[in-house]
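Structural overview for review
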Amino acid sequence: MATETVEIQRSGSTYQITRFILLRLLGIVYAVAFLVAAQQLIPLIGSHGLLPVDLFFQRVHDALGSDWTGFLKVPSIFWIDHSDTALLVVSWTGFALACIVVAGFGNSIIFAVLWFLYLSTVHVGQDWYGYGWESQLCETGFLAIFLAPFLDPRPFSKSPVPVPVIWLFRWLLFRLLVGAALIKLRGDSCWRDLTALYYYFETQPCPNPLSRWFHFLPKPILQFGVLFNFLAELIAPWFIFWPRIARHIAGTIIALFFGALIFSGNLSFLDWLTLVPVVACFDDSFWRRLLPRRWIERFTPVSLRWGIPRLVISWLLVCVVGALSIRPVLNLIGEHQIMNTSFDPFELVNTYGAFGSIGREQYVVVFEGTDAELPYSDADWKEYPYRGVPVNLKQMPPIVAPYQLHFDWQMWFAAMGTINEYPWTIHLVWKLLHNDPLALQLFASNPFPDHPPRYIRAVWYKYKFAPPENSEGRWWEREKVGDWFPVISLDDRRLAHWMELEGWKTE
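About the thresholds
Residue numbers restart at each chain and count upward from 1, following the sequence in its written direction. Where totals are concerned, whole chains, interfaces and linings use all residues; where local detail is concerned, this predicted model gives features only for residues with pLDDT of at least 70, and gives and counts side-chain atom pairs only at 80 or more. No hydrogens and no water enter the side-chain calculation; it runs on all heavy atoms of the structure. Helix and strand definitions follow DSSP, with helices as H or I runs of at least four residues and strands as E runs of at least two, each counted in order from the N terminus. In this scheme, a residue with accessible area under 20% of its type's maximum is buried, one over 50% is exposed, and one in between is partly exposed, where area comes from a 1.4 Å probe on protein chains only. Note on contacts: a residue pair is in contact if any heavy atoms of the two residues lie within 4.5 Å. To obtain each axis, a line is fitted to C-alpha atoms, and for helices this fit is confined to the stretch in contact; angles are then taken between N-to-C directions over 0 to 180 degrees. In this scheme, roughly parallel covers angles under 35 degrees and roughly antiparallel covers those over 145, while 65 to 115 is roughly perpendicular and the rest are oblique. Note on convention: near helix rotated counterclockwise from far helix by under a right angle means a left-handed crossing. Clockwise means right-handed. Think of it as three bins: nonpolar holds Ala, Val, Leu, Ile, Met, Phe, Trp, Tyr, Cys and Pro, charged holds Asp, Glu, Lys and Arg, and polar takes everything else, Gly as well. Exposure above 30% relative accessible area and no salt bridge define the residues that can form patches, which grow by joining like charges within 9 Å and nonpolar side chains of Val, Leu, Ile, Met, Phe, Trp and Tyr within 5 Å. Using a 1.4 Å probe, the Shrake-Rupley method yields the accessible areas, and only the shown protein chains count as cover for residues. Salt bridge criterion: a side-chain nitrogen from Lys or Arg within 4 Å of a carboxyl oxygen from Asp or Glu. In this description, strands pair whenever DSSP reports at least two bridges between them. Only a pair of cysteine sulfur atoms within 2.5 Å qualifies as a disulfide here. Here a Phe, Tyr or Trp ring, Trp counted by its six-membered ring, pairs with any other such ring whose centre lies within 6.5 Å, and the pair is stacked when the planes are under 30 degrees apart, edge-to-face when over 60, and tilted otherwise. Only Lys NZ and Arg CZ are tested; either one counts as a charge over a ring when it is within 6 Å of the ring centre and within 35 degrees of the ring normal. Residues enter a nonpolar core if they are buried and are Ala, Val, Leu, Ile, Met, Phe, Trp, Tyr or Cys, with the set joined through side-chain atoms within 4.5 Å. Values of pLDDT, ranging from 0 to 100, describe the predictor's confidence in every residue of the model.

1. What to know about unusual backbone geometry
With an omega dihedral of 10°, the bond running from Ala401 to Pro402 counts as a cis peptide bond. Within the secondary structure, Pro402 is located in the loop between strand E6 (382-383) and helix H18 (406-414). With a phi angle near 55°, Asn435 is a residue other than glycine that sits in the positive phi range. Counting through the fold element by element, Asn435 comes out in the loop between helix H19 (424-432) and helix H20 (437-440). For Asn435, a relative accessible area of 15% translates into the label buried.

Here it is in C-alpha cells:
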C-alpha cells in the first residue's frame, strides 16, 4: 500500500540525538574546509597562483579531448567557470551553508550542495588537495545527504533517522581505522617494534605546543601509545557493529584515541572529521546520560516509523556503497595495499591510511633572500618564515588545527624530495623575486617589505626539538644539510626557461 510504513526501531534504539550531533560536527568541519579554500585557493590555484587552475583544465581537456569527457572524469562545477571570482563564490557559499548547518538548520538539499561544492574544489585543488581527508570529507558528506531530514531544516527535526545510513557511517569508520592499522603494520618496522612514537611527534608536518611534551615522554609510555593506537585502529573497529555495550565501549576508545591526536599535533581537520563517524557508534541511550532532560525531550520523534520511499532510498544507498566497496576491500586485504585512493570519480567509497611510514628526522626547506650585490654565503640572508612548519628556533609551534595550511604541508613533503618532484617551487621563487603579494600570503611575514630581494635560495635543514629545560628558550635545534634550491636571480636564464616550459605567466 502507498501509505504503508515500516517499523525501523525498537524502544531505546533511536538515533535522533546522534544524528543532531553528527551533522553539527560535520558542519563544523565543512565550515573550516571552505574557510581554508576561501583564504588559500587564490594564491594556490588562482589565475596567478602557484598551480593555476586554467592550466589544469587546459591539460585535462587536451588529454581527454573535450570538456564533457573531462567533467565525467573530474566532476567539478568549475568546468562552467574557474575564474578567481568563481573560486571565491563557491568557497564562501560553502562556508555560509556550513555555518547554517552548525547553527542547527540542515536538510538533504543543503548537504547535497555542500558535498558537490567541496567535491568540485578537491578535484581542481591539484597537489594542494591530494590528502586522504579531502576524499574522506567527500565520502562523509555524501552519506550525510541521506542521513539528514529530506526537507525539514529545523534543528530538532521530528523525522525518524534511517538506521541503514548509520550503519554506513560505521562501515566508513571501519575502513578508515583498519586501513590505517594495516598500512602501518605492513609499512614501517617502527610500528611493529613499538618505537614509532619516538619520532612521530617531532617529525609530523606541523607540530603544536604540546608536541614537544609528548616527544619527551618516557619511552615506556610512548610504547604504550603505539599499543593503544592498534587497540583503537585494529581491535576496536570490529566491535562497532556489535550490540550496544560493546559498540559504546569501542566508540569511546576510538574517540579517546582521536582526542589524543588532536592535542598532540596539527593534523588539519583529519581527526575532527574522523570523529564524525565515531558519533554513529552511539545511540541515544548514550547521549541521554550526558544531556539535560529538557534537551532530550526535544529530540523525541513524532513516529519511529518511516515511509516506503525513505526505506527504498536507504537500502538502495546500501547496495551502491556495497558494490563500490569491493575494490577498496580487495585493496585492504591485498599484499600491495595503497592508501588514500579513490576508485570512482565522485569519491563515494575510498581507501584510507595514515603514517604508514614514520620519518626518523624532521627536514625543513627554508627559503632565504638577500639584497647583497654578490650572493656569497656570508651575505645577509633573510629567512621567509612559514605559518606552521618550524623556521625560527625560538618560536613556539602554533595551534593551527583544524585549519589546514596547504602550503606548509606541501613544503613538508618537498623537504623529503627534490625540485624536480615539486616544480611549483620554481614558480614560488619567481614570485618571491617579484615580491608577489599572493605568494607572500602563504608565509607568516615578508622579510623584504619595501622591495624584492636580488637573490633567492632555499637551504635544507634538519630540525629536532630542543630539550624543554634549555637556558636559551629555544624550541628547536637545527643543522644545515645542504642547499635545496640553488641561488638564483631574475637575470638567470634558467628561471625564464623553467617558467616557459611550465606555461606560467611572467607578466
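2. Regarding H18
In terms of burial, H18 is a largely internal element, eight of the nine residues being buried. Taken together, the buried positions of H18 are occupied by His406, Phe407, Asp408, Trp409, Gln410, Met411, Trp412 and Ala414. Considering only its buried residues, H18 is in contact with helix H1 (16-45), helix H6 (132-147), helix H9 (200-203), strand E5 (362-370), H19 and strand E8 (476-488).

3. Details of the packing of H18 against H19
Closest axis-to-axis distance for the H18/H19 pair is 12 Å, and the angle between their directions is 120°. Between H18 and H19, the angle falls in the class oblique. The way H18 lies across H19 gives a crossing that is left-handed. Along its contact with H18, which presents Phe407, Gln410 and Met411, the element H19 presents Trp424, Thr425 and Leu428. Residues belonging to the contact of H18 with H19 are distributed by class as follows: four nonpolar, two polar and no charged.

4. Let's talk about a nonpolar patch on the surface
A cluster of nonpolar side chains, contributed by Ile109, Val113, Phe150 and Leu151, occupies part of the molecular surface with about 380 Å² of accessible area. Considering the arrangement of structural elements, one finds Leu151 in the loop between H6 and helix H7 (163-187).

5. A few points about the pattern of salt bridges
Applying the stated criterion across every chain, the model contains 15 salt bridges. Between Arg247 and Asp283 there is a salt bridge, and its shortest N-O distance comes to 3.5 Å. Remark: Asp283 occurs in the loop between helix H13 (270-279) and helix H14 (284-288) and Arg247 occurs in helix H12 (residues 244-264); sequence separation between them is 36 residues. Residue Arg247 is classed as buried on the basis of its relative accessible area, which comes to 6%. One connected set of salt bridges, linked through shared partners, spans Lys464, Glu472, Arg474 and Glu477.

6. Points about the pairing of strand E7 (residues 455-465)
For E7, the buried fraction is high: eight of the eleven residues fall into the buried class. As defined by bridge partners, E5 adjoins E7 across nine bridges and the pair is classed as antiparallel. Directly across from Gln362, in E7, lies its bridge partner Tyr463. Bridging between E7 and E8 involves nine bridges; their strand directions are antiparallel. Its bridge partner being in E8, Ala458 is matched across the sheet by Phe485.

7. As for the state of the cysteines
Going through the model one piece at a time under the given rule, you end up with zero disulfides. Distance from the sulfur of Cys99, which forms no disulfide, to the nearest cysteine sulfur (Cys138) is 19 Å. Relative accessible area serves as the criterion here: at 32%, Cys99 is assigned to the partly exposed category.

8. Focus: the packing of aromatic side chains
Tallied over the full model, the rule gives 48 aromatic pairs. Ring centres of Tyr386 and Phe443 lie 5.7 Å apart, and the angle between their planes is 25°; on these two criteria the pair is classed as stacked. Taken together, the positions of Tyr386 in the loop between E6 and H18 and Phe443 in the loop between H20 and E7 put the pair 57 residues apart, joining distant regions of the chain. Measuring from ring centre to ring centre gives 5.2 Å for Phe407 and Phe443, while their planes differ by 70°; the resulting arrangement is edge-to-face. In this pair, Phe407 sits in helix H18 while Phe443 sits in the loop between H20 and E7, placing the two residues 36 residues apart along the sequence. The same class applies to Phe407 as to Phe443, namely buried. Three or more aromatic residues joined by ring pairs make a cluster, and in this case those are Trp128, Phe367, Tyr384, Tyr386, Phe407, Tyr422, Trp424, Phe443 and Phe448. If you follow Arg24 out to its NZ or CZ, it ends over the ring of Phe20, 4.8 Å from the centre.

9. Digging into the nonpolar core
Core analysis: the largest hydrophobic core is formed by 153 residues, its most contacted members being Tyr30, Phe111, Tyr118, Phe367, Tyr386 and Phe407. Among the elements that line this core, the one with the most residues is H1, at 17 residues.

10. Topic: the confidence of the model for the protein
The share of residues in the protein with pLDDT of 70 or more is 95%, and the mean pLDDT across the chain is 91. With pLDDT under 50 throughout, residues 1-11 is counted as low confidence; its partners more than four residues away or in other chains account for 21 contacts.

11. Considering the pairing of E5
In terms of residue burial, E5 counts as a mostly covered element, since eight of its nine residues are buried. Alignment of E5 against E6, held across two bridges, turns out to be antiparallel. Of the residues in E6, the one forming a bridge with Gly369 is Lys382.

12. Topic: the sheet that holds E8
Strand order in the open sheet made by the four strands is E6-E5-E7-E8, with antiparallel pairing throughout. Of all strands in the sheet, those bounded by a partner on one side alone are E6 and E8. Sheet contacts for H19: E5, E7 and E8; angle to E8, the most-contacted strand, approximately 85°.

13. Comments concerning the packing of H7 against H13
In a packed pair of helices, the relevant descriptors are the angle between the two axes and the axis-to-axis distance. At their nearest, the axes of H7 and H13 sit 8 Å apart, and the two run at 130° to each other. Classed by the angle they form, the pair H7 and H13 counts as oblique. The crossing of H7 and H13 is left-handed. Facing Phe169, Leu172, Leu173 and Leu176 of H7, the residues of H13 in contact are Thr274, Val276, Pro277 and Val278. Its residues assigned to classes, the contact of H7 with H13 comprises seven nonpolar, one polar and no charged.

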